[in-house]
Amino acid sequence: VSEMSESAARAKLDEILRPINASVLAGPNAGLAVLVAPLTFRELVENHYYPYAQHKWKEDSTKKTTEQRIDHHLIREFASVRVDRFHREMLQSFLDQKAAKRLSFSLVDHLHRDLKGILQFAIDEGLLHGRNPAARLVTPRGAVRPRKTSLREDQVGTYLMVLELRERLISSLV
């Protein structure tokens, strides 16, 4: 055990890390996430994120639909892109393009959350350092929202009239 005090140890650590932090903060990618080792998006997802996420997915159907969505939309688009090359504008443009293709709001929103979650996972696991480039993304307004339909007052009356008494009472409560 060293004779160095905690404050002296922290000062020494700061001294060692100062040049590293300066190059990260002042370099051409200032403020962007930095990879510990070169890692493509495909490698991140398939080798690190999927094994982790499978433990939190409760249903097999969740696993299937989530992996299909990530594979079809995200890996297809970003497979060979190094994760430290992602930036907010690139990812927002991707979501905007998906919305422009008239994909549903739900799908575009899931892609938004998938990107944010995968990149945050990489940061939390120490595979990527810096800020999450997906943290400030927004689901585009142009994404297609389902059309909500409701019955008019006269249609509600017709609907209730065709039901038996029990069902009519239950429907009236809803």
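Note: the structure precedes this text.
Residues numbered from 1 in each chain as written. Predicted model: local features only at pLDDT ≥ 70, side-chain atom pairs only at ≥ 80, totals over all residues. Heavy atoms only, no water.

Caption draft 1: Main features of the overall build of the protein chain. Helices and strands together make up the secondary structure of the protein chain, namely seven helices and two strands. Going residue by residue from the N terminus, the α and β elements of the protein chain occur as α-β-α-α-α-α-β-α-α. Within the protein chain, the fraction of its 174 residues that count as buried is 29%. Long-range pairs, those at least 24 residues apart, make up 69% of the contacts in the protein chain with a sequence separation of at least 6. Taken as a whole, the protein chain presents about 12,200 Å² of accessible surface, with 54% of it coming from carbon and sulfur. (Helix = DSSP H or I, 4+ residues; strand = E, 2+ residues; numbered from the N terminus. Buried < 20%, exposed > 50% of the residue type's maximum accessible area, 1.4 Å probe, protein only. Contact = heavy atoms within 4.5 Å. Areas by Shrake-Rupley, 256 points an atom, 1.4 Å probe, with all protein chains shown as cover.)

Caption draft 2: Focus on the environment of arginine 113. Here arginine 113 is to be found in helix α5 (residues 105-124). Exposure remark for arginine 113: the relative accessible area of 46% places this residue in the partly exposed category. Linking arginine 113 and threonine 139, residues 26 residues apart in sequence, is a C-alpha distance of 9.1 Å.

Caption draft 3: Expanded view of the packing of aromatic side chains. Tallying each qualifying case throughout the model produces nine aromatic pairs. Between phenylalanine 41 and phenylalanine 78, the ring centres sit 6.1 Å apart and the planes meet at 75°, which makes this aromatic pair edge-to-face. Of this pair, phenylalanine 41 sits in helix α2 (residues 41-56) while phenylalanine 78 is found in helix α3 (residues 60-78), placing the two residues 37 residues apart along the sequence. Centroid distance phenylalanine 78 to phenylalanine 86: 5.1 Å. Interplanar angle 80°. Geometry classified as edge-to-face. (Phe/Tyr/Trp six-rings, centres within 6.5 Å; stacked < 30°, edge-to-face > 60°.)

Caption draft 4: Molecular detail of the packing of helix α6 (residues 153-161) against helix α7 (residues 165-173). Relative to each other, α6 and α7 sit at 145°, their axes nearing to 9 Å. In this structure, α6 uses Tyr159, Leu160 and Met161 to contact α7, whose residues at the interface are Arg168, Ser171 and Ser172. (Axes fitted to C-alpha atoms, helices over the stretch in contact; angles between N-to-C directions.)

Caption draft 5: Seen up close, the pattern of salt bridges. Applying the stated criterion to the full structure yields ten salt bridges. Among the salt bridges present, the one from glutamate 67 reaches lysine 63, with a minimum N-O distance of 3.3 Å. One end of the pair is glutamate 67 and the other is lysine 63, both in helix α3 and four residues apart, which spans about a single turn. Accessibility expressed as a relative area gives 27% for lysine 63, which makes it partly exposed. For the salt bridge of arginine 82 with aspartate 84, the shortest nitrogen-to-oxygen distance reads 2.7 Å. Assessed through its relative accessible area of 30%, arginine 82 is described here as partly exposed. A residue is classified by how much of its surface remains accessible, and aspartate 84, at 9% relative accessible area, is buried. In the salt-bridge network here, residues are joined through shared partners; they are Arg82, Asp84 and Arg85. (Salt bridge = Lys/Arg side-chain N within 4 Å of Asp/Glu carboxyl O.)

Caption draft 6: View of the side chain of lysine 98. Along the chain, lysine 98 turns up in helix α4 (residues 88-100). Contact partners of lysine 98, with chain neighbours within four places excluded, come to His73, Leu103, Val108 and Leu111.

Caption draft 7: Here's a closer look at a nonpolar patch on the surface. A surface patch of nonpolar side chains, amounting to about 250 Å² of accessible area, comprises Leu13, Ile16 and Leu17. Mapped onto the secondary structure, isoleucine 16 falls in helix α1 (residues 6-26). (Patch = residues over 30% accessible without salt bridge, like charges linked within 9 Å, V, L, I, M, F, W, Y side chains within 5 Å.)

Caption draft 8: Layout of unusual backbone geometry. The phi angle at arginine 102 is positive, at roughly 70°, despite the residue not being glycine. Residue position: arginine 102 is located in the loop between α4 and α5. Classification of arginine 102 by relative accessible area gives exposed; the value is 59%.

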